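# Results of the structural survey
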Amino acid sequence: MKVHKAEAAMENHVTQISREDLEDLREAFNKIDIDKSGFVSDFELQELFREASFSLPGYKVREIMATFIAGDSNKDEKISFEEFVSIYQELKSKTLSETFRKSITRRDGIRSFGGTSRISSEGTQHSYSDEEKVAFVNWINKALAKDADCEHLLPMNPNDESLFTSVCDGIVLCKMINQSQPDTIDERVINKKKLTTFKMTENLVLALNSASAIGCTVVSIDAHDLMAGKPHLVLGLLWQIIKVGLFADIEVSRNEALIGLLKEGEGLDHLLSMSPEDLLLHWVNHHLQNAGTETISNFSQDIMDSRAYFYLLDQIASCGKQSKMSIKIDMSGIYEPDLEQRAELMLQQAARLDCRQFVSPHDVTSGNSKLNLAFVAYLYNMHPTLQTNKLNTNGIETAHIVGESKEEKTFRNWINSLGVSPYVNHLYCDLCDGLVILQLYEKVNVPVDWKKVNNPPYPFLGAKMKKLENCNYAVDVGRNIAHFSLVGIGGQNIKEGSPMHTLALIWQLMRRYTVLVLSDLGDGEKVEDHIILSWVNKTLSQKHKDTEIRSFKDKLISTSLPVIDLIDAIAPGTVKWDMVKRGEERAMKNDDKLNNAKYAISLARKIGARVYTLPDDLVEVNPKMVLTLFACLMGHSLKKASR
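Criteria and cut-off values
Residues numbered from 1 in each chain as written. Predicted model: local features only at pLDDT ≥ 70, side-chain atom pairs only at ≥ 80, totals over all residues. Heavy atoms only, no water. Helix = DSSP H or I, 4+ residues; strand = E, 2+ residues; numbered from the N terminus. Expected span 1.5 Å × (residues − 1). Buried < 20%, exposed > 50% of the residue type's maximum accessible area, 1.4 Å probe, protein only. Contact = heavy atoms within 4.5 Å. Core = buried A, V, L, I, M, F, W, Y, C linked by side-chain atoms within 4.5 Å. Axes fitted to C-alpha atoms, helices over the stretch in contact; angles between N-to-C directions. Parallel < 35°, antiparallel > 145°, perpendicular 65-115°, else oblique. Left-handed = near helix turned anticlockwise from the far one by under 90°. Nonpolar A, V, L, I, M, F, W, Y, C, P; charged D, E, K, R; others polar. pLDDT = per-residue confidence, 0-100. 1 Å grid on protein atoms, 1.4 Å probe; cavity = no way out; pocket = protein on both sides within 12 Å on 5 of 7 lines; lining within 4 Å. Points joined across faces, edges and corners; volume = space filled by probe spheres on them. Phe/Tyr/Trp six-rings, centres within 6.5 Å; stacked < 30°, edge-to-face > 60°. Salt bridge = Lys/Arg side-chain N within 4 Å of Asp/Glu carboxyl O.

Before going further, it helps to spend a moment on helix H21 (residues 463-480). Compared with an ideal rise of 1.5 Å per residue, which puts 18 residues at 26 Å, H21 spans 26 Å between its outermost C-alpha atoms and is within 8% of the ideal. Among all positions in H21, only Ala 463, Leu 468, Asn 470, Cys 471, Tyr 473, Ala 474, Val 475, Val 477 and Gly 478 are buried. Contacts from the buried residues of H21 go to helix H20 (435-443) and helix H22 (491-495).

Take a look at the structure:
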């Protein structure tokens, strides 16, 4: 049936592009569109086609541009993403029809649905991967198997569409967020009984705001999309949530033995700057080198024959002998000539290590990079051990390794939730070329002149200088255009990843982002801290609450009672008062304060405030994060009143 649809499209000279292909094109476009202007120039088009794995000779590109300019009403010789996709479609339709038909045959796991997308002029259909659906359903069934609140939904059938209907009440999503990042959501806040449409929507809003707080990008998703069970959005959100959990412990501070993955001459900074994907690749290759076999460079083509996996499993089992794990991997399957059957035999060995998750034999032989990455991450999380007698720590003392602080994690999650590129894994290393900071300026409506920015790839000689110039410009924008207080902060501080100076700049960006909605609602008037404080106390007083605060350092905030009272004032009926511990600040136990804080933050997210504050921020009265919480509640209340 899919082939017939494709042939019909070919007859109409319009190639239907799957979601995966569209994402690949978007990724290619973003690599070339470094300044994030939304356009590429004529001289960049050939490189763009090359990034999209569709190389064209120069003369052909010039012909395309000539045709494009002739029909371009703007005559600006700039190409938007939509225009690029349109050109790409036409070329595919006219010159690669046979290749396209073969690609459809290969994509048996892709399903299209729901007609065209919002950019329907491109003929794009929403689609989703059956393989991902099956993998995620199996993972959810395993993760929530013993959860009594999910008995009405689990186990889901991986072979039908039950996943997309099961997320509509929000319970599964909330549970999966807590499974990936424990205690993100206070379960007392989740609506679990007598689920009306309103209560399900509350759960979904809670899930989306909580997902944002752990670093997921949810700007293109709302509760109505999830309640409708839109497959591509459900799978996209679930993958982000699952990946956060899988990657949570893949860092040096969680497993100091990872220092042994350093190569000769590499320092700790190099290891700390690695993404979880790169660390996993190093981890796998360390085991493969110990096994005396070839290493890999990716989790797609290089693992399709299952050989690397057999050797990896054998090494894991060998390491496990140190911890009395008496499992010997049967390596005979590596000689099975049928690759799909070989993959099945390999997965049977993985099952003996309780690690048969995320991939089917077909996912291995087809090189599904996303699911194979998840499989390897799960292997690492279950068996992170390394043979310590074969490790080279290069003289690095493990006592010098400091993990990410709560403040750093909060800022990093906020940055990633805005959809910056590249994804920020290490707050200081990934900001040291200034590009992410400059993207953040645009997120808070501070103009950036991208003509002044040096874009990667940087030259081998002079790369440090190019990055420093970017950082100097980022500080200049902050000081002279955003009017931030950056006394004593220079581009060199950002380039070197100085925690104190970098955090000072990021905090001011986050504060501006938080109060931006207040400026929008207040005719552009700058919102000072005292205005937010005054609004808090006025709102509490109007609802006859006695929890007035004198500043964002007021110790009463440690009880979270002012926050809970404020939520009750702007969203009556939301608070379940039997869940709240009341009393004098001095007399209240720390456990009670923490429970109140967890409840308050989840309530704030449930009513629609996108809050990044942590419970500890309230208990410890961190004035910066307390300010953002009250500002978010104020923005939500004013926005609600203006509707």
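Structure shown, so let's carry the discussion forward.
What follows deals with the nonpolar core. Core analysis: the biggest nonpolar cluster contains 173 residues, and Trp 283 and Tyr 441 have the highest contact counts within it. Here the element with the most residues in this core is helix H12 (residues 231-247); it accounts for 11 residues. Those residues in contact with Trp 283 that sit more than four places away from it in its chain are Leu 261, Leu 312, Ile 316, Val 376, Leu 379, Tyr 380, His 383, Pro 384, Thr 385 and Leu 386. One finds Ile 32, Leu 45, Phe 54 and Phe 84 within the second-largest nonpolar core, a separate group that totals 21 residues.

To continue, consider the packing of H20 against H21. The N-to-C vectors of H20 and H21 enclose an angle of 25 degrees; their axes lie 9 Å apart at closest approach. By the angle between their axes, H20 is roughly parallel relative to H21. When the axes of H20 and H21 are compared, the crossing they make is left-handed. Seen from H20, the contacting residues are Leu 435, Ile 437, Leu 438 and Tyr 441; seen from H21, they are Asn 470, Tyr 473, Ala 474, Val 477 and Gly 478. Partitioning the contact of H20 with H21 into residue classes produces 7 nonpolar, 2 polar and no charged.

Mean pLDDT for the chain: 85, with 84% of residues reaching 70 or above. The secondary-structure element of the chain with the lowest mean pLDDT is helix H6 (residues 97-106), recorded at 38, while helix H9 (residues 171-180) shows the highest, at 98. In the model, residues 115-124 has pLDDT below 50 throughout and makes 18 contacts with residues more than four positions away in sequence or in other chains.

For the rest of this paragraph, the subject is the layout of surface pockets. Rolled over the atoms, a probe with the dimensions of a water molecule shows which regions are left empty. Here the second largest pocket defines a volume of roughly 900 Å³. As for the second largest pocket, its lining consists of 28 residues, and the residues nearest its centre are Gly 608, Ala 609, Arg 610, His 636 and Lys 639. Put simply, the parts of the chain that give the lining of the second largest pocket at least two residues each are helix H10 (197-213), helix H23 (499-521) and helix H28 (623-642). Take the lining of the second largest pocket: its biggest share by element is 6 residues, from H10. Of the residues in the lining of the second largest pocket, the class split is 12 nonpolar, 9 polar and 7 charged.

This brings us to the packing of aromatic side chains. In this description, a pair of aromatic rings is defined by centroid distance and the angle of the planes. As enumerated under the stated definition, the model contains 11 aromatic pairs in all. Relative to Tyr 380, the ring of Trp 283 has its centre 5.3 Å away and its plane inclined at 85 degrees; by these criteria the two rings are edge-to-face. With Trp 283 in helix H14 (residues 276-290) and Tyr 380 in helix H18 (residues 369-382), the pair connects residues that are 97 residues apart, well separated along the chain. For Tyr 380, a relative accessible area of 2% corresponds to the buried category.

The interhelical angle for the contact between H9 and H10, taken along N-to-C directions, is 25 degrees, at an axis separation of 8 Å. On the basis of their axis angle, the class for H9 and H10 is roughly parallel. When you trace H9 past H10, the crossing you get is left-handed. When H9 is examined against H10, the residues Ile 171, Leu 173, Cys 174 and Ile 177 are found in contact with a partner set consisting of Asn 203, Leu 204, Leu 206, Ala 207, Ser 210 and Ala 211. Looking at the contact of H9 with H10 residue by residue, the classes come out as 8 nonpolar, 2 polar and no charged.

For the structure on display, the rule yields 23 salt bridges. The partner of Lys 175 in a salt bridge is Asp 149, and the shortest N-O contact between them spans 2.8 Å. Pair noted here: Lys 175 is in helix H9 and Asp 149 is in the loop between helix H7 (130-143) and helix H8 (162-166), with a separation of 26 residues, a long-range link. Residues Asp 565 and Arg 582 are paired through a salt bridge, measuring 3.2 Å at the closest nitrogen-oxygen approach. In this pair, Asp 565 sits in helix H25 (residues 561-570) while Arg 582 sits in the loop between H25 and helix H26 (590-606), placing the two residues 17 residues apart along the sequence. Here Asp 565 falls in the buried class, since its relative accessible area comes to 2%. One continuous salt-bridge network, built from bridges that share partners, spans Asp 147, Asp 149, Lys 175, Glu 187 and Lys 192.

With that out of the way, let us pick up the environment of Phe 84. Here Phe 84 is to be found in helix H5 (residues 81-95). Looking at Phe 84, the relative accessible area reads 0%, which means it is buried. Along the backbone, Phe 84 and Leu 45 are 39 residues apart, and their C-alpha atoms lie at a distance of 8.8 Å. Beyond its immediate chain neighbours, meaning those up to four positions away, Phe 84 contacts Leu 25, Phe 29, Leu 45, Leu 48, Phe 49, Ala 52 and Ile 79.

Cis geometry marks the peptide bond from Leu 154 to Pro 155, where omega comes out at -5 degrees. With respect to the element layout, Pro 155 can be found in the loop between H7 and H8. Across the junction of Ser 421 and Pro 422, the peptide omega takes the value 5 degrees, indicating a cis bond. Residue placement: Pro 422 occurs in the loop between helix H19 (406-417) and H20. Of note in the backbone geometry, Lys 194 takes a positive phi value of approximately 45 degrees without being a glycine. Note on placement: Lys 194 falls in the loop between H9 and H10. Phi is positive for Asn 445, close to 65 degrees, though the residue is something other than glycine. Looking at the secondary structure, you find Asn 445 in the loop between H20 and H21.

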